[in-house]
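# Chain and residue survey
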Amino acid sequence: MSSYVITGVSRGIGFEFVRQLSENPANTVFGLVRDKAAVESKVAAEIGRGNIHIVEANTTDPEALQKAAEYVAEKTNGGLDYLIANAALQAKTALVGFDTLSKDPQALEEDLIAHYRVNSIGAVHLFNTFMPLILKGQGRAKKVIAISTGASDPEMTLKADVFQATAYSMSKAALNMAVAKFSAVYRRQGVLVMAICPGAVDTGSLQIESEEEGKLAVAMFAKFREYSPTFQGPAKPEDSVKSVLGLVDKATVDGGYAGVFISHTEGKPYL
Ligand SMILES: NC(=O)c1ccc[n+]([C@@H]2O[C@H](COP(=O)([O-])OP(=O)(O)OC[C@H]3O[C@@H](n4cnc5c(N)ncnc54)[C@H](OP(=O)(O)O)[C@@H]3O)[C@@H](O)[C@H]2O)c1
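Structural notes, computed from the coordinates. (Residues numbered from 1 in each chain as written. Predicted model: local features only at pLDDT ≥ 70, side-chain atom pairs only at ≥ 80, totals over all residues. Heavy atoms only, no water.)

## A word on the pairing of strand S3 (residues 52–56)
With four of its five residues buried, S3 lies for the most part within the structure. As judged from the five bridges shared by strand S2 (residues 28–33) and S3, these two strands associate in the parallel manner. Its bridge partner lying in S3, Val33 is registered against Glu56. Chirality of the crossover, the property in question, places the unit of S2, helix H2 (residues 36–46) and S3 among those that are right-handed. (Buried < 20%, exposed > 50% of the residue type's maximum accessible area, 1.4 Å probe, protein only. Helix = DSSP H or I, 4+ residues; strand = E, 2+ residues; numbered from the N terminus. Pairing = 2+ DSSP bridges. Right-handed = clockwise from strand over helix to strand, strands pointing away.)

Written out as structure tokens, the structure is:
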């Protein structure tokens, strides 16, 4: 039996993690969300399995995370096998670059802070809060995973002058460093901490509404194709999550994966 805590399971990749991991009735899957009632209804209607627990916790709120950890510990006898930091913010400011964003310095600063709060600092709070559970118990998997993005790698930006997704990319680069720092503390205690890019995945996360936003999104995808001419468009969440979980299973703390940031394919390009 394995236990999993995953953040941001209301939709997209997080929801698919819950769906796939709960397929094994021996697993216990805890999904952390901001709107418990809404996600519980969705999970009941679309997955409907008794081994799923939906727990309310905004990942930017350490007290809420602590309460969530207490709930999980009660159900698992104190331990936890896998922790997946999946929740993230990618605001529509991702569609433009610093030249456009520079027109409103205050809004730019707020946008940067909002992304850092969720994408980097939220994961730091999450890891700190649940680490005692991960450390508890012999023979457990002890795997702590951050879902990152190839956009955080300067190489991708530089290869095709990808000017978009400024705050998102910066905050995920900080997340990758946090992963390395957590690994530096916990690797010797047998904890694998690593960051994985799931590839481009069709989750509608940017929630494109207007014609103008549509044009900007097309321009961003053109950049992705310039970076990776073989890029065929985003993958289905089920395929991406299957591949990420394959790597999570395979990766070991002594196998060269400790503290690294890599693609789910273990290669480049990310797309
Ligand atoms: N989709 C892609 O192409 C792609 C590519 C590379 C990396 N990724 C990474 O993969 C992960 C999932 O992406 P996705 O496309 O599935 O994203 P998504 O559809 O936008 O879902 C994001 C999830 O994060 C939750 N969330 C946001 N802020 C939160 C907070 N403060 N506390 C708790 N939960 C919060 C959202 O919950 P609410 O419903 O409450 O808003 C939602 O469940 C992210 O880390 C993303 O950066 C995605």
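## As for helix H3 (residues 62–76)
Over its 15 residues, H3 extends 21 Å from the first C-alpha to the last, a length consistent with the 21 Å expected when each residue adds 1.5 Å. As for H3, its buried residues are in contact with strand S1 (3–7), S2, S3 and helix H5 (105–135). Sitting at the amino-terminal end of H3 is Asp61, which places a side-chain oxygen 3.1 Å from the backbone nitrogen of Glu63. Downstream of H3 by one or two residues, Asn77 has phi in the positive range, about 65 degrees. (Expected span 1.5 Å × (residues − 1). Contact = heavy atoms within 4.5 Å. Polar contact = N/O pair within 3.5 Å; in protein donor to acceptor, adjacent residues only side chain to side chain.)

## Quick notes on the pattern of salt bridges
Enumeration according to the criterion identifies ten salt bridges in this entry. The closest approach of N and O atoms between Lys268 and Asp153, which form a salt bridge, is 3.0 Å. Here Asp153 lies in the loop between strand S5 (143–147) and helix H6 (154–160) and Lys268 lies in the segment after strand S7 (261–263), a separation of 115 residues in the sequence. Each of Glu16, Arg19 and Glu23 takes part in one network of salt bridges that share partners. (Salt bridge = Lys/Arg side-chain N within 4 Å of Asp/Glu carboxyl O.)

## Some thoughts on the packing of aromatic side chains
Throughout the structure, instances matching the rule amount to eight aromatic pairs. Ring geometry for Phe127 against Phe182: centres 5.3 Å apart, planes inclined by 85 degrees, an arrangement best described as edge-to-face. Linking Phe127 in helix H5 with Phe182 in helix H7 (residues 166–186), this pair joins segments that are 55 residues apart in sequence. Given the relative accessible area of 9%, Phe182 is considered buried. With 6.4 Å between their ring centres and 15 degrees between their planes, Phe182 and Tyr186 make a pair best called stacked. Of this pair, Phe182 and Tyr186 both sit in helix H7, separated by four residues, roughly a single helical turn. With respect to burial, Phe182 and Tyr186 carry one shared label: buried. The structure contains a cluster of three or more aromatic residues connected by ring pairs, namely Phe127, Phe182 and Tyr186. Positioned above the aromatic ring of Phe15, the side-chain terminus of Lys42 is 4.4 Å from the ring centre. (Phe/Tyr/Trp six-rings, centres within 6.5 Å; stacked < 30°, edge-to-face > 60°. Lys NZ or Arg CZ within 6 Å of the ring centre and 35° of its normal.)

## Concerning the pairing of S5
Among the five residues that make up S5, five are buried, leaving the element largely enclosed by the rest of the structure. What you see with S5 is no split at all: Lys143, Ile145 and Ile147 on one side and Val144 and Ala146 on the other are buried throughout. Pairing of strand S4 (residues 82–85) with S5 involves four bridges; the strand directions are parallel. Counted as the bridge partner of Tyr82 is Lys143 from S5. Where S5 and strand S6 (residues 192–197) come together, five bridges link them in parallel fashion. By the bridge assignment, Ala146 is partnered in S6 with Ala195.

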